[in-house]
Amino acid sequence: MYKLNYNAAWMASALLKIEEIKRSIVRAIAFPLRPDTKDGDPEEFTAQQPAKTAVKLPHNCEFDNNGNLGKTASEQRLELWLSNLLKYGVLIASAIVFIGGILYLMHHSFEPADYHIFHGAPSEFRSVEGVINAIFAGSRRGIIQLGLLVLIATPILRVVISLLAFIWRRDLIYIIVTSLVLAGLTYSLVGGYY
């Protein structure tokens, strides 16, 4: 009548064993262990020095309500802040490019396109100050270029903020890695000019 699915039964028993192991690890971390006594005398055992923990946790770890190891509130806030920075940075850059594109098409929509000869970007759009000067001069292409600059600046700003957060936490490994990433980004942006 009924077929027994051996794979499902095995998976269920494996998941139960994993949960047991997880609970025992949490108990070992959460409850202190006392050193063994010489003779095994219970009175001497209770009179000993304060307990030592089985595992030393980093200062930035916390347990949630289920006993699982989780992120601290400051880490969660930083992650939320950085994700919002990326999300809104891309949205703002897209809006600027869209507005610049609409204005450009309103003014240049009936001009014929000549794709036989490649014309690179004018020199005024090859630097930040050139883009800003072009915007103040009324250039619609300058607005599009500004949107692209905001799009490029968004992840760079994220790396800078991450670096400052790691410096504040004094996390040496992440400071080194983030500094290398920032140096690579800076070299790729500035290296073309020199």
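Keep in mind it's a predicted model, so treat the numbers as computed, not measured. (Residues numbered from 1 in each chain as written. Predicted model: local features only at pLDDT ≥ 70, side-chain atom pairs only at ≥ 80, totals over all residues. Heavy atoms only, no water.)

S.K.: Break down the packing of aromatic side chains for me, citing the residues and quoting the values.
M.R.: On inspection of all chains with the given rule, the structure shows one aromatic pair. Here Phe 166 and Tyr 174 contribute two aromatic rings whose centre-to-centre distance is 5.1 Å and whose plane-to-plane angle is 25 degrees, an arrangement assigned as stacked. Assessed through its relative accessible area of 17%, Phe 166 is described here as buried. (Phe/Tyr/Trp six-rings, centres within 6.5 Å; stacked < 30°, edge-to-face > 60°. Buried < 20%, exposed > 50% of the residue type's maximum accessible area, 1.4 Å probe, protein only.)

S.K.: Before we move on, could you go through the environment of Ala 95 and cite the residues and values that matter?
M.R.: Along the chain, Ala 95 turns up in helix 3 (residues 73-108). Placed 49 residues apart in sequence, Ala 95 and Ile 144 show a C-alpha to C-alpha distance of 9.6 Å. (Helix = DSSP H or I, 4+ residues; strand = E, 2+ residues; numbered from the N terminus.)

S.K.: Talk me through the side chain of Thr 178; I want residue IDs and the actual numbers.
M.R.: Mapping Thr 178 onto the fold places it in helix 6 (residues 172-190). Polar contacts involving the side chain of Thr 178 include one to the main-chain carbonyl oxygen of Tyr 174, which spans 2.6 Å. Excluding residues that lie within four positions of it along the chain, Thr 178 makes contacts with Val 159, Ser 162, Leu 163 and Phe 166. (Polar contact = N/O pair within 3.5 Å; in protein donor to acceptor, adjacent residues only side chain to side chain. Contact = heavy atoms within 4.5 Å.)

S.K.: Could you give an account of helix 6, naming the residues involved and the relevant values?
M.R.: Taking 1.5 Å per residue, 19 residues should reach 27 Å; helix 6 reaches 26 Å between its end C-alpha atoms and fits that length. Those residues of helix 6 not exposed but buried are Ile 175, Thr 178 and Leu 182. Axial view of helix 6: buried residues confined to an arc of 75 degrees, hence all on one face. Facing away from the buried side of helix 6 by over 90 degrees, the exposed positions are Ile 173, Leu 180, Tyr 187 and Ser 188. (Expected span 1.5 Å × (residues − 1). Arc of directions from axis to C-beta.)

S.K.: Please give an account of a nonpolar patch on the surface that cites residues and values.
M.R.: Together, Phe 98, Ile 99, Ile 102, Leu 103 and Met 106 make up a nonpolar patch on the protein surface, roughly 520 Å² of accessible area in all. As for its position among the elements, Leu 103 is in helix 3. In this structure Leu 103 comes out as partly exposed when scored by relative accessible area, which is 32%. (Patch = residues over 30% accessible without salt bridge, like charges linked within 9 Å, V, L, I, M, F, W, Y side chains within 5 Å. Areas by Shrake-Rupley, 256 points an atom, 1.4 Å probe, with all protein chains shown as cover. Salt bridge = Lys/Arg side-chain N within 4 Å of Asp/Glu carboxyl O.)

S.K.: Quick rundown of the packing of helix 4 (residues 128-136) against helix 5 (residues 140-169)? Include the residues and the values.
M.R.: Viewed as axis vectors pointing N to C, helix 4 and helix 5 meet at an angle of 140 degrees, and their least axial separation amounts to 8 Å. Looking at the two axes, helix 4 sits oblique to helix 5. At the point where helix 4 passes helix 5, the crossing takes the left-handed sense. Mapping the contact onto sequence places Val 128, Val 131, Ala 134 and Ile 135 in helix 4 and Gly 142, Ile 143, Gln 145, Leu 146 and Leu 149 in helix 5. In terms of residue class, the contact of helix 4 with helix 5 is made up of seven nonpolar, two polar and no charged. (Axes fitted to C-alpha atoms, helices over the stretch in contact; angles between N-to-C directions. Parallel < 35°, antiparallel > 145°, perpendicular 65-115°, else oblique. Left-handed = near helix turned anticlockwise from the far one by under 90°. Nonpolar A, V, L, I, M, F, W, Y, C, P; charged D, E, K, R; others polar.)

S.K.: Residue-level account of the packing of helix 5 against helix 6, with values.
M.R.: At a minimum axis distance of 9 Å, the contact between helix 5 and helix 6 shows a crossing angle of 155 degrees. If you check the angle between helix 5 and helix 6, you find them roughly antiparallel. Pair helix 5 / helix 6 crosses with left-handed handedness. Facing Ile 152, Ile 156, Val 159, Val 160, Ser 162, Leu 163, Phe 166 and Ile 167 of helix 5, the residues of helix 6 in contact are Tyr 174, Ile 175, Thr 178, Ser 179, Val 181, Leu 182, Leu 185 and Leu 189. Counted by class, the contact of helix 5 with helix 6 contains 13 nonpolar, three polar and no charged residues.

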